[in-house]
Amino acid sequence: MSRGRAFVLGATGQMGRPAVRALAEDGWEVTAASRGGGRDAGWDAGVRSLAVDREEKGALEEALGDGCDVLVDMVAFGRDHAAQLTGLAGRVGSAVVISSGAVYEDGRGRSFDTQDEPDGFPEYPVPIRESQRTVTPGDATYGTRKVALEQELLAAGDALPVTLLRAGAVHGPHCRTPRELYFVKRLLDGRRRRVLAYGGESRFHPVHVSNIAELIRLAALRPASRVLNAGDPQVPTVAEIGAAVDAVLGVETGTVLVEGPPPEGGIGETPWGGAHPVVQDMSAAERELGYRPVTGYAESLPPTVEWLAARLEGRDWREAFPKMLRSYGEGLFDYAAEDAWLERYDRKA
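All values reported here derive from a predicted model rather than from experimental measurement.

What counts, and where the lines are drawn
Residues numbered from 1 in each chain as written. Predicted model: local features only at pLDDT ≥ 70, side-chain atom pairs only at ≥ 80, totals over all residues. Heavy atoms only, no water. Helix = DSSP H or I, 4+ residues; strand = E, 2+ residues; numbered from the N terminus. Rg over C-alpha atoms; globule rule 2.2 N^0.38 Å. Buried < 20%, exposed > 50% of the residue type's maximum accessible area, 1.4 Å probe, protein only. Contact = heavy atoms within 4.5 Å. Areas by Shrake-Rupley, 256 points an atom, 1.4 Å probe, with all protein chains shown as cover. Lys, Arg positive; Asp, Glu negative; His and termini not counted. Charge placed at Lys NZ, Arg CZ, Asp CG, Glu CD. Patch = residues over 30% accessible without salt bridge, like charges linked within 9 Å, V, L, I, M, F, W, Y side chains within 5 Å. Salt bridge = Lys/Arg side-chain N within 4 Å of Asp/Glu carboxyl O. Core = buried A, V, L, I, M, F, W, Y, C linked by side-chain atoms within 4.5 Å.

A.B. asks: Sorry if this is basic, but what is going on with the overall build of the protein here?
C.D. replies: Looking only at helices and strands, the protein features twelve helices and eleven strands. Against the compact-globule benchmark of 20 Å for 349 residues, the protein has a radius of gyration of 21 Å, which places it among compact chains. The principal-axis extents of the C-alpha atoms in the protein amount to approximately 70 × 45 × 35 Å. By residue count, 53% of the 349 residues in the protein fall in the buried class. Expressed as a percentage of contacts within the protein between residues at least 6 apart in sequence, the contacts between residues at least 24 apart total 76%. Carbon and sulfur atoms provide 47% of the accessible area of the protein, an area that totals close to 15400 Å². Of the side chains in the protein, 40 bear a positive and 51 a negative charge, and the two mean positions are spaced by 1 Å.

A.B. asks: Would you mind going over a nonpolar patch on the surface with me for this structure?
C.D. replies: Together, Leu188, Val248 and Leu249 make up an exposed nonpolar region whose accessible area comes to about 200 Å². Relative to the helices and strands, leucine 249 resides in helix H7 (residues 238-249). Here leucine 249 falls in the partly exposed class, since its relative accessible area comes to 30%.

A.B. asks: Even after reading the chapter, I still don't get the environment of threonine 136, so can you show me in this structure?
C.D. replies: Mapped onto the elements, threonine 136 comes out in the loop between strand E5 (92-100) and helix H4 (142-154). Threonine 136 sits 99 residues away from valine 235 along the chain, and the two C-alpha atoms are 27 Å apart.

A.B. asks: Just to check I follow, could you spell out the nonpolar core for this structure?
C.D. replies: General note: in soluble globular proteins, nonpolar side chains tend to be found buried as a group. Leu23 and Ile216 are the most contacted members of the largest nonpolar core, which has 37 residues in total. A total of eight residues in this core trace back to one element, the largest contributor, which is helix H6 (residues 209-221). Sequence-distant contacts of leucine 23, defined by excluding residues within four places in its chain, comprise Ala6, Val8, Trp28, Val30, Val72, Ile216, Arg217 and Ala220. In this structure, Leu181, Leu196, Trp272 and Leu308 belong to the second largest nonpolar core, which totals 36 residues.

A.B. asks: Hey, could you run me through the pattern of salt bridges in this one?
C.D. replies: If charged atoms from side chains of opposite charge come close, those side chains can pair. Counted according to the given criterion, the structure contains 26 salt bridges. Its salt-bridge partner being aspartate 246, residue arginine 194 comes within 2.8 Å of it at the nearest N-O pair. Of this pair, arginine 194 sits in strand E8 (residues 193-196) while aspartate 246 sits in helix H7; the two residues are 52 residues apart in sequence, bridging distant segments of the chain. Residues arginine 194 and aspartate 246 agree in their burial class; the two are buried. Close ionic contact of arginine 347 with glutamate 343 constitutes a salt bridge, the shortest N to O distance being 3.4 Å. Of the two residues, arginine 347 and glutamate 343 both sit in helix H12 (residues 335-348), four residues apart, roughly one turn of that helix. A relative accessible area of 58% places arginine 347 in the exposed class.

Geometry only, nothing functional implied.
Laid out in structure tokens, this is it:
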């Protein structure tokens, strides 16, 4: 017996692929919509794929036809997309929309938007609850656009029940900015020594794509207007993440731990770096949805590492992951600078 019709927007992205699979396996009739209209090899044959560009006037409305029971939106940003979704009230039973942990700010007004400023890294309570204050809504940054999206959607109330999932550091195959690349590429390049700032203790709450898919599946069954954190059961330190990648590839790496921020330039800085932990409270999702994670960080890692290695084979990392380059810059793999610093470090030891 079918649970109803589900329409997934952004279906061929990193989060969309497992979400489509989870909904189809749970008995939903799924339409997988993306700009390219492609398919994932893991989808059931009954999944309908469709090419849709939401920015084209009327395209989403036409694709929905006479509507759906739940619309899952992986790629919504800002007020315009919120207005687009609320305009579908009456044709859509409920929605599940991906937001981000980047919406939070601390008691001093610091957020991910200020993290590159001196003393700008936020110091959140541990763990962060959904009631934590958020940045001011606007159009300037990723975080401000997500807050604007959230507020507009929640204002729709009963007309369109929306579950907003504030995702942590998303990981898994098909990521355009895979944080694990930092460790995987170094090991594939034969480097057996690493430098980690902040004593290797930085923590940034990860969430595997299959856990996001599970949250989506559960929210689709329990429509309501709410905001929920989305995270894995464990929040490993950056040193633990490096060791987990080592274990997948079967190598041992020596680690130089530096207390405090990077000692020079970007030496020891990682995509998880930060002076304070970022840990989300998952009790609301457990209470409201009955959420139980389907995987943990270390156990989910092998397919991610395998996918990264395949993407890198015979290619420059900047070509394989251009968005990673834009996000973190050339210094991400500045081996010459690392080696020069390590040589000076060893002489002092």
